[in-house]
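Chain and residue survey
This is what each chain is made of:
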Protein chains: 2
Amino acid sequence: MTGQILALSGGVGGAKLALGLAHAMSPADLTIVANTGDDFEHLGLHISPDIDTLLYALSGRDDQTRGWGRRDETWNFMATLAELGGETWFQLGDRDLALHVERTRRLHNGETLSDITQAVATSFGIMAQLLPMSDDSVRTRIRAVDGWMDFQRWFVGARCEPPVHALDFIGADKARPHKRILAALADTNLRAVIICPSNPLLSIAPILAMPALRQALAACAAPVIAVSPIIGGQAVKGPTVKMMRELGLPANAAGVAAHYEGLLDGYVLDEADADCARELGKLAISVLPTLMRTLDDKISVARAALALADKIRALR
Amino acid sequence: MTGQILALSGGVGGAKLALGLAHAMSPADLTIVANTGDDFEHLGLHISPDIDTLLYALSGRDDQTRGWGRRDETWNFMATLAELGGETWFQLGDRDLALHVERTRRLHNGETLSDITQAVATSFGIMAQLLPMSDDSVRTRIRAVDGWMDFQRWFVGARCEPPVHALDFIGADKARPHKRILAALADTNLRAVIICPSNPLLSIAPILAMPALRQALAACAAPVIAVSPIIGGQAVKGPTVKMMRELGLPANAAGVAAHYEGLLDGYVLDEADADCARELGKLAISVLPTLMRTLDDKISVARAALALADKIRALR
């Protein structure tokens, strides 16, 4: 089976599957679309947390022990900033900072986020294509009890603690999905779209909030497969389950699939959530251990998603 | 003897005397005026090399072995920037970078360079006042054989090698000296002005290129003392002698004093240059060892400059 794969991803969880895909198939056929709703301006720098996480994970530069940021990181910039009374609520390592400074310089120089991202991916030796969902600005914000909060202020500054009453993706209605994403979705040779096991409300929803992308995905001829970010009723990392509860959504693997209603052809879920299968209606499913600790785990889940897509396609 | 001292300084050489002054007198009475002609924008950051050198030297954060930048510095930002193909001709340490990022953020936020500088000086525990010569932009450029070069491109990028045909201080004619500098110069209780042993053409000339400052200095009632940056006919550091030769100026301690003609009341020079004394006319002089290696050396030269000023004042 050949053909392009389009993977939609947020940060850490999505990046694990993206790395698995990059090993389980020809990386030249893999295009990873990164959420940019978490992007923000901080200390005058343009920070793209999900792009950065993908860049580090796909190039083996991620710190798997800490669970975020770069490995072999040092913190002397941050220590000095603290000494100067600067803003220290968002941690920026010395190595990580170079990416933000260089990206910001090139953006101010008129380059697009997608060109910069691809150039960095190439410098890091990444063979898959990595694209931001859009070169236009989309900014996630959270309505908590005291009103709207910028995403990172809620996510990092307030450690996801304030209960979520609503979400908004500012600019998504006008943002243009990257033209290569729309071209891939319209391509009859597209092998599959894979929605990575990222937070559906925070990481995938901003991508789908762009009307042109959602329409293209709904109309796409290729199988659309989601991999559940929930294992045994819990999120592996992050506030997925907490948020689904706070928003009154069914907070389990079936609830995630329901969130993608009208888009999915197949669903990959963990053995521990097999009891959700009966709530999934006619959706083709693949059930296996989905916790991705080792590279082999990541490749195994990637292969299951690809196999499910190929099976659906073969039956058409 | 009490009263305020105003010291005009560039980077490394000037900072040595500034530190000596901060020990030899009440630092609360000391105002150090930093050259900002070397300031530039790099990677989107506002860098003020002479202010930074003074901040590090006056707070004991300077790397005296390397001769520039911060002690206990690390270079992981720079290593990563190189990996990304970024601009690496100007070295920025991880700790040093925090100062540039924080300064740039606060400038964009509408704060003045002088307020930011004073705030950083306070965070670093510096008790003297440290002022940029102006909050307005002055930019030194160098005319070499191939035309005009931005100062740092010549100084760092080309290691001062291209012969200097002319110098220009863009914006100096319109820049307003910081009002506290003009107030100090007009104060009849001013004890002295001390021109530090910095490069007269690169570090002091931009300060004097502001017409209002030069006029106020010429009209100042207090003694004006310069400390020679030349020892035994050679610059302790930097291209002073090379530049003086290239510009056809007498390249010795007397040549520096001649460069300040009409401004000086006294001159501190090294024993090795005592033969220049006969070229200094009626200028009051103090001759002593002026090489400043240790803190004691710095205090000794500072005391000589203060004593010379006080002697001149007593004789009036």
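Bear in mind that the values here come from a model prediction, so they are computed numbers and not experimental data.

**A few points about the overall build of chain A**
When its secondary structure is counted, chain A shows 12 helices and 14 strands. With the C-alpha coordinates of chain A rotated into their principal frame, the extents come out at 60 × 40 × 40 Å. Residue burial in chain A is summarised as follows: out of 316 residues, 51% are buried.

**Topic: the interface of chain B and chain A**
Every contact between the two is made by 23 residues of chain B and, on the other side, 23 residues of chain A. Looking at the side of chain B that touches chain A element by element, the count peaks at 10 residues for helix 4 (residues 94–108) of chain B.

**A word on the nonpolar core**
Membership of the largest hydrophobic core comes to 197 residues, with the highest contact counts inside it found for A:Ala7, A:Ala18, A:Ala305, B:Ala7, B:Ala18 and B:Ala305. Setting aside chain neighbours within four positions, we find A:Ala7 in contact with A:Ala18, A:Leu21, A:Leu30, A:Ile32, A:Val33, A:Ile194 and A:Cys196.

**Quick word on the sheet that holds strand 8 (residues 166–170) of chain B**
Within a sheet, neighbouring strands are paired by backbone hydrogen bonds and run either parallel or antiparallel to one another. All names here are of chain B. Spatial strand order, 7-6-8: three strands in an open sheet with antiparallel pairing. In this open sheet, the two edge strands, each paired with only one partner strand, are strand 7 (147–150) and strand 8. Strand-to-strand twist of the sheet, defined as the mean angle between neighbouring strand axes without regard to direction, takes the value 30°. Together, strand 6 (139–144) and strand 8 form the strand contacts of helix 8 (residues 200–208), whose direction differs from that of strand 8 by roughly 35°.

**Topic: unusual backbone geometry**
Phi angles above zero are rare outside glycine, and A:Asp72 is one such case at about 55°. Turning to its location among the elements, A:Asp72 is positioned in the loop between helix 2 (49–58) and helix 3 (76–83). At B:Cys160, a position not held by glycine, the phi torsion is positive, near 65°. Mapped onto the secondary structure, B:Cys160 falls in the loop between helix 6 (151–157) and strand 8. Classification of B:Cys160 by C-beta neighbours within 10 Å gives partly exposed; the count is 16.

**Section: the confidence of the model for chain A**
Low pLDDT means the predicted atomic positions in that stretch should not be read closely. The share of residues in chain A with pLDDT of 70 or more is 99%, and the mean pLDDT across the chain is 96. Two numbers describe this predicted complex: its pTM, 0.90, and its ipTM, 0.87.

**Topic: the relation of the copies chain B and chain A**
Superposition record for chain B on chain A: RMSD 0.0 Å, screw rotation 180°, translation along axis 0.0 Å. These values place the two chain copies in the arrangement generated by a two-fold rotation axis. The C-alpha atom lying nearest the rotation axis in chain B is that of B:Asp94; the distance is 3.0 Å. Comparing interface residues between copies, 100% of those in chain B also sit at the interface in chain A, which points to an isologous, same-surface contact.

**A few points about the sheet that holds strand 7 (residues 147–150) of chain A**
Residue and element names in this part refer to chain A. Pairing is antiparallel in the open sheet, where three strands are placed in the order 7-6-8. Among the strands making up the open sheet, the edge pair consists of strand 7 and strand 8 (166–170). Taking each pair of neighbouring strands and ignoring which way they run, the sheet shows an average axis angle of 30°. Bridge analysis of strand 6 (residues 139–144) against strand 7 gives four bridges, and the strand direction is antiparallel. Each bridged residue has a counterpart across the sheet, and for Ala-144 the counterpart in strand 7 is Gly-147.

**Re the packing of helix 1 (residues 12–24) of chain B against helix 12 (residues 295–315) of chain B**
Residue and element names in this part refer to chain B. One way to put it is that helix 1 packs onto helix 12 with a least axis distance of 7 Å and a crossing angle of 75°. With respect to helix 12, the axis of helix 1 lies roughly perpendicular. Contacts from Lys-16, Leu-17, Leu-19, Gly-20, Leu-21, His-23 and Ala-24 of helix 1 reach helix 12 at Leu-295, Lys-298, Ile-299, Val-301, Ala-302, Arg-303 and Leu-306. For the contact of helix 1 with helix 12, a count of residues per class yields nine nonpolar, two polar and three charged.

**Remarks on the environment of B:His165**
Residue and element names in this part refer to chain B. Within the secondary structure, His-165 sits in the loop between helix 6 and strand 8. Judged by C-beta crowding, with 13 C-beta atoms within 10 Å, His-165 ranks as partly exposed. Taking the C-alpha atoms as reference points, His-165 and Gly-248, separated by 83 residues in sequence, lie 9.6 Å from one another. If near-sequence neighbours (up to four positions away) are discounted, His-165 is found in contact with Arg-143 and Ala-144.

What counts and what doesn't
- Residues numbered from 1 in each chain as written.
- Chains lettered and ligands numbered in written order.
- Predicted model: local features only at pLDDT ≥ 70, side-chain atom pairs only at ≥ 80, totals over all residues.
- Helix = DSSP H or I, 4+ residues; strand = E, 2+ residues; numbered from the N terminus.
- Buried ≥ 20, exposed ≤ 12 C-beta atoms within 10 Å, placed from the backbone.
- Contact = placed C-beta atoms within 7 Å.
- Core = buried A, V, L, I, M, F, W, Y, C linked by C-beta atoms within 7 Å.
- Pairing = 2+ DSSP bridges.
- Axes fitted to C-alpha atoms, helices over the stretch in contact; angles between N-to-C directions.
- pLDDT = per-residue confidence, 0-100.
- Least-squares fit on C-alpha atoms with pLDDT ≥ 70 in both.
- Parallel < 35°, antiparallel > 145°, perpendicular 65-115°, else oblique.
- Nonpolar A, V, L, I, M, F, W, Y, C, P; charged D, E, K, R; others polar.

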